[in-house]
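Read off the chains here:
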Amino acid sequence: MAVGSVLVTGGTGYIGSFTVLSLLDAGYKVVIVDNLANSSPEVINRIELLTGQRPKLYSADITDEAALSKIFTENPDIDNVIHFAALKAVGESGEIPLDYWTVNVYGSLCLLKAMEKHNVTNIVFSSSATVYGDATRVPNMIPIPEHCPIGATNVYGMTKVAVEDMITAQVKAQRNKAKKAGKSGEQFNGALLRYFNPAGAHPSGVMGEDPQGIPYNLLPLLAQVAVGKREKLLVFGDDYKSKDGTAIRDYIHILDLARGHLMALNYLREKKPGVKAWNLGTGLGSTVFDMVKAFSTAVGRDLPYEVAPRRDGDVLNLTANPAAANSELGWKAERTLEDACEDLWRWTKNNPEGYRQQPPQEFVDA
Ligand code: NAD
Ligand code: WQD
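What comes next concerns the included structure. (Residues numbered from 1 in each chain as written. Chains lettered and ligands numbered in written order. Predicted model: local features only at pLDDT ≥ 70, side-chain atom pairs only at ≥ 80, totals over all residues. Heavy atoms only, no water.)

**Examining the nonpolar core**
Membership of the largest hydrophobic core comes to 67 residues, with the highest contact counts inside it found for Leu23, Leu233, Trp278 and Phe295. Sorting elements by how many residues they give to this core places helix α8 (residues 254-271) first, with nine residues. Among residues more than four places away in sequence, those in contact with Leu233 are Leu218, Leu221, Leu222, Val225, Val288, Val292, Pro304, Tyr305 and Glu306. Ranked by size, the runner-up nonpolar core spans 29 residues in total, among them Val81, Ala114, Ile123 and Ile167. (Core = buried A, V, L, I, M, F, W, Y, C linked by side-chain atoms within 4.5 Å. Buried < 20%, exposed > 50% of the residue type's maximum accessible area, 1.4 Å probe, protein only. Helix = DSSP H or I, 4+ residues; strand = E, 2+ residues; numbered from the N terminus. Contact = heavy atoms within 4.5 Å.)

Printed below as a string of structure tokens:
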């Protein structure tokens, strides 16, 4: 298969930046569009440090259809898009819902329109396990397969469901249109990747998650406790029906998640399946206490925590059934929770101010 060229929206963000590494390592040419609302341009230096390649960065907003169109005009070899750019905080999505519909849904609409205009055919989309809502409401749906009924319970999740539907309809329509014109239409394809809980950092300690403002997710919060930026972790509920009373999630190493995008894109280009949804998770559930223990082991001391009431909207168990991605994409999570915790700790120790500081000296000298 000839190497392709990919536009990565949100490519300076956490998952996007690691996917850019995977794409560059696999020989893809990469162009990034990101408005840097939740990321730093320093990421581009780190990508160059690790790969020796410097992807082109357009600082633009995905709700600006003309700007997206200009990127496709200036880079006519782009034939694929991986679409990460979005707002992603569940709690915030209920407070400023219109911003979420604008960026996540209208932004995706602008992207699909620009793609159509420039005949860009493949799209890989960042969906989320949150589209399933509380899968325990349906019998026998843990671990969660892709055919689990969709049931988003928050605005963020609703925007993900809406974009999944938009991509599905658009790919179908473009295939039909091509068929009516006597062509196969098989070049139009979409992957809906439903991620479980991304975790960890690059094993070099050079790249990781750098949330702007107050983190919302468990591991970045635990990392802040470990470096003394936060006194203790609040464990949201110890009265769930799990082995230790805390909620269960499927934490997937960021390098495995990034590789999943590469394999999904390769699959679209080779097999031309139309639209397919895949869960990207490990299939293993860990409780909040498992995570506190695993991260404490990586840090080398017990991290303080206190049990607090359940967080609104949390569910007991979000564990993936990744069988479809395993068999169809040939993708399997390879790294362990211990790897994720050790890598996160190395990144946090080396970069307590995230990308707002210079990379560690040994990498600059190497
Ligand atoms: P992130 O915030 O690190 O990355 C998103 C990137 O999009 C950021 O660099 C941000 O600056 C950019 N962006 C935001 N609004 C934009 C706009 N209007 N125009 C252009 N760029 C814009 O988040 P992430 O964790 O890397 O998540 C990436 C994608 O994966 C998102 O779509 C998110 O919803 C999805 N997702 C994330 C998780 C998770 O737990 N991190 C889980 C499932 C799905
Ligand atoms: C994990 C577990 C918390 C913080 C969210 C989104 C989901 C996806 C990933 C984007 C839960 C517990 C957390 C804390 C705690 N994102 N926790 N104390 O909620 O599984 O998923 O991020 O698509 O859509 O909903 O992730 O990291 O916030 O929480 O006890 O201070 O840790 O209750 O059980 P979550 P999380």
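**With respect to the packing of helix α7 (residues 218-226) against helix α9 (residues 288-299)**
Where α7 meets α9, the axes come as close as 11 Å, and the angle between the chain directions of the two elements is 40°. Of the possible angle classes, the one that applies to α7 and α9 is oblique. Between α7 and α9 the crossing geometry is right-handed. Of the residues in α9, those in contact with Leu218, Leu219, Leu222, Ala223 and Ala226 of α7 are Val288, Met291, Val292, Phe295 and Val299. The residue inventory of the contact of α7 with α9, partitioned by class, reads ten nonpolar, no polar and no charged. (Axes fitted to C-alpha atoms, helices over the stretch in contact; angles between N-to-C directions. Parallel < 35°, antiparallel > 145°, perpendicular 65-115°, else oblique. Left-handed = near helix turned anticlockwise from the far one by under 90°. Nonpolar A, V, L, I, M, F, W, Y, C, P; charged D, E, K, R; others polar.)

**Quick word on unusual backbone geometry**
Ile142 connects to Pro143 through a cis peptide bond whose omega is -5°. As for its position among the elements, Pro143 is in the loop between β5 (122-128) and α6 (155-180). Positive phi outside glycine occurs at Asn119, with the angle close to 55°. Mapped onto the elements of the fold, Asn119 is located in the loop between α5 (97-117) and β5. Despite not being glycine, Asn140 shows a phi value in the positive range, around 60°. Tracing the backbone shows Asn140 in the loop between β5 and α6.

**Let's talk about the site of ligand 2**
Inspection of the region around ligand 2 gives 19 residues, with Ser128, Tyr156, Leu234, Arg249 and Asp314 positioned closest. In the environment of ligand 2, an oxygen atom lies 2.5 Å from a nitrogen or oxygen atom belonging to the side chain of Arg249. Protein coverage of the free-state accessible area of ligand 2, which is 680 Å², stands at 91%. At the level of secondary structure, the elements contributing two or more residues to the shell around ligand 2 comprise α7 and β8 (233-236). The biggest single contributor to the shell around ligand 2 is β8, with four residues. In terms of residue class, the shell around ligand 2 is built from twelve nonpolar, four polar and three charged. (Near = heavy atom within 4 Å. Polar contact = N/O pair within 3.5 Å; in protein donor to acceptor, adjacent residues only side chain to side chain. Areas by Shrake-Rupley, 256 points an atom, 1.4 Å probe, with all protein chains shown as cover.)

**Quick word on empty space enclosed by the protein**
The gaps of empty space that remain are located by a probe, the size of a water molecule, rolled over the atoms. Throughout the structure, instances matching the rule amount to one cavity of 30 Å³ or more. Of the voids in this model, the largest cavity is the one considered here, and its volume is about 70 Å³. If you trace the largest cavity, you find it lined by Leu112, Met115, Glu116, Val120, Thr121, Ile123, Ile167, Gln170, Val171 and Gln174. The element contributing the most residues to the lining of the largest cavity is α6, with four residues. When its residues are assigned to classes, the lining of the largest cavity shows six nonpolar, three polar and one charged. (1 Å grid on protein atoms, 1.4 Å probe; cavity = no way out; pocket = protein on both sides within 12 Å on 5 of 7 lines; lining within 4 Å. Points joined across faces, edges and corners; volume = space filled by probe spheres on them.)

**So, the packing of aromatic side chains**
In total, this model carries six aromatic pairs according to the counting rule given. The interplanar angle of 85° and the centroid separation of 6.0 Å between the aromatic rings of Tyr14 and Phe18 together place this pair among those described as edge-to-face. One end of the pair, Tyr14, and the other, Phe18, are both in helix α1 (residues 14-25), four residues apart, so they sit about a helical turn from each other. Exposure remark for Tyr14: the relative accessible area of 11% places this residue in the buried category. Both rings, one in Phe295 and one in Trp345, keep their centres 6.2 Å apart while their planes meet at 90°; by these two values the pair is edge-to-face. Separated by 50 residues along the polypeptide, Phe295 in helix α9 and Trp345 in helix α11 (residues 337-350) bring together distant segments of the chain. Sitting over the ring of Tyr240, Arg310 keeps its end group 3.9 Å from the ring centre. Looking at Arg311, its charged tip hangs above the ring of Tyr216, at a distance of 4.5 Å from the centre. (Phe/Tyr/Trp six-rings, centres within 6.5 Å; stacked < 30°, edge-to-face > 60°. Lys NZ or Arg CZ within 6 Å of the ring centre and 35° of its normal.)

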